[in-house]
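Working through the structure, step by step
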Amino acid sequence: MTTLRTFTIMPFKAAAIFLALLAVMMADQPVRADGPFEMGWYSNVFAQDPSQAITDMGGSVALYYHQGYLADSTVKKRLDSAYAKGLKVIMNVDGVTQVGSDVTAVNTIRIQQFVNTFKSHPAVIGWYTADEPAGNTQLPLCIQAYNAVKGADPDRPVYLAIHRASDNTIVDYAPAYDILIYDTYPYSNDSGEYYRLEDRGFLGSQKGLKSLINRVSGLAAQANRPWIFAGQGFGRAPNMGSRLPTTGEHRFQTYYPLIKGSEGFLAWEYTTALNSAANAGDAYPHDGSQWLNDVYKPLADEIAIIGPALGNGWNAADVSDNIAAVHSRIYTDPNNAKRYLLALNEADSAYNVAFNIALQGDWMAARPLDGRPDIPITSGQFSDQLSRYNVSIYELVAVPEPGAGLMLMGAFTFAAARRPAR
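Described below are features of the structure shown in this document. Because the structure is a prediction, the values reported are computed rather than measured.

Let us look at the sheet that holds strand β16 (residues 375–376). Sheet architecture is open: five strands sit in the order β12-β13-β18-β15-β16, paired in antiparallel fashion. Lying at the two open borders of the sheet, with one neighbouring strand each, are β12 (326–332) and β16. As paired elements, strand β15 (residues 363–368) and strand β18 (residues 391–398) share five bridges and run antiparallel to each other. Bridge pairing in β18 links A365 to V397.

Encoded structure:
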């Protein structure tokens, strides 16, 4: 089973019994996933089929809004198109009535009819039941929707989006989801670049992105649920008091949640991104169409390269650095054994960072994925400059084994000898 990441999901009651039996071993350990870290989009599909555009810009997964506005025949067309483009879909179930963020009614029969209709479609990787519910009155309805989905499809996970990090909603709603989507959109149109990353206001009363992500990470661990982050992919669209993120902000909002436990990234929301207007005074001054090419696609292309490695986990003993504000991690691609070093500076200061590679192997260079020249590694060490809130990715290049060049030359000679004459 493939999802945004690949999860093994049990029905909630069975999972609760299992976790209780293993309480000692599982204490404070969140559920983890196997599979690559992937990028994608929320997208409404009411008037258009976005699958080609999303895959063209490097997205590999989409959460499709439905909420009863489309006939089942149109839903099938959307899913067929997504599958043809190689796009995986988290499908918004029909049968849940929402007014704004309030879940007001659940039609169990319709939910199960909808899920049974589409659960065998190869594009569908999971189900989405509710968008930002909160409060005790909605919880029973969300649990009812969850149970209805799992009764029809016990294998695929149920996703639910929560916007609140200030209370215990993430933990309270754990019986209503398998995978948490946490969303927050900090880049308001009156803020300079990176301003919304830190706490502001009296005694930090206005929480920045870093504080919110740290709290969500802890709550998801307490709920024992995997989570993914829905970040800002829109700006000055109609009725939106926001601006588009800069390249640096977009990289930070993707990689900072990753190092705090996020297992994927969904941008909100594709149609709204297209409708985002340019504004010369913004930190990113261009419109949404250009933002998709300038900011979103380069990072999606990068994630497509290193996503399998990011999803494969890391070992804290493999690398260290000399700056407390810098997070350094080495990830190994399980498909080709390539090693990637992620270095994230979470501070509003630039640093010259010295990295010490303790990973077994003879490494000769760190190759920045941003196209800069290779940086030599000497005695397991190299240095690089990280600007404020910068995230840099390096491929570690090993010293060729003795005789590798001769072996390669021999392979070419052998191939040439076997090539038929023309």
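For the rest of this paragraph, the subject is the pattern of salt bridges. In total, this model carries 19 salt bridges according to the counting rule given. The partner of D94 in a salt bridge is R110, with the nearest N and O atoms 2.9 Å apart. Taken together, the residues D94 in the loop between β3 (88–92) and β4 (96–99) and R110 in helix α5 (residues 108–118) connect sequence positions 16 residues apart. On the basis of relative accessibility, which here comes to 13%, the residue D94 falls in the buried class.

Within strand β6 (residues 124–131), eight of the eight residues are buried, which leaves it mostly tucked inside the rest of the structure. Pairing between β3 and β6: four bridges, direction parallel. Note that in β6 the partner of V89 across the bridge is V124. With four bridges connecting them, β6 and strand β7 (residues 158–162) associate as parallel partners. Within β7, the position partnered with D131 by the bridge is A161. With helix α6 (residues 139–152) bridging β6 and the parallel β7, this β-α-β connection has right-handed handedness.

Another point: the sheet that holds strand β14 (residues 351–357). Hydrogen bonds along the backbone pair up the strands of a sheet, which may run parallel or antiparallel. Read from one edge to the other, the open sheet built from three strands follows the order β11-β14-β17, with strand pairing classed as antiparallel. Each edge of the open sheet carries a strand with a single partner, namely β11 (319–321) and β17 (381–386). On average, each strand axis in the sheet is inclined to that of its neighbour by 30°, with strand direction left out of account. Pairing geometry for β14 and β17, over six bridges, is antiparallel. Looking at the pairing, A354 lines up with S383 of β17.

Procedures and definitions
Residues numbered from 1 in each chain as written. Predicted model: local features only at pLDDT ≥ 70, side-chain atom pairs only at ≥ 80, totals over all residues. Heavy atoms only, no water. Pairing = 2+ DSSP bridges. Helix = DSSP H or I, 4+ residues; strand = E, 2+ residues; numbered from the N terminus. Salt bridge = Lys/Arg side-chain N within 4 Å of Asp/Glu carboxyl O. Buried < 20%, exposed > 50% of the residue type's maximum accessible area, 1.4 Å probe, protein only. Right-handed = clockwise from strand over helix to strand, strands pointing away. Axes fitted to C-alpha atoms, helices over the stretch in contact; angles between N-to-C directions.

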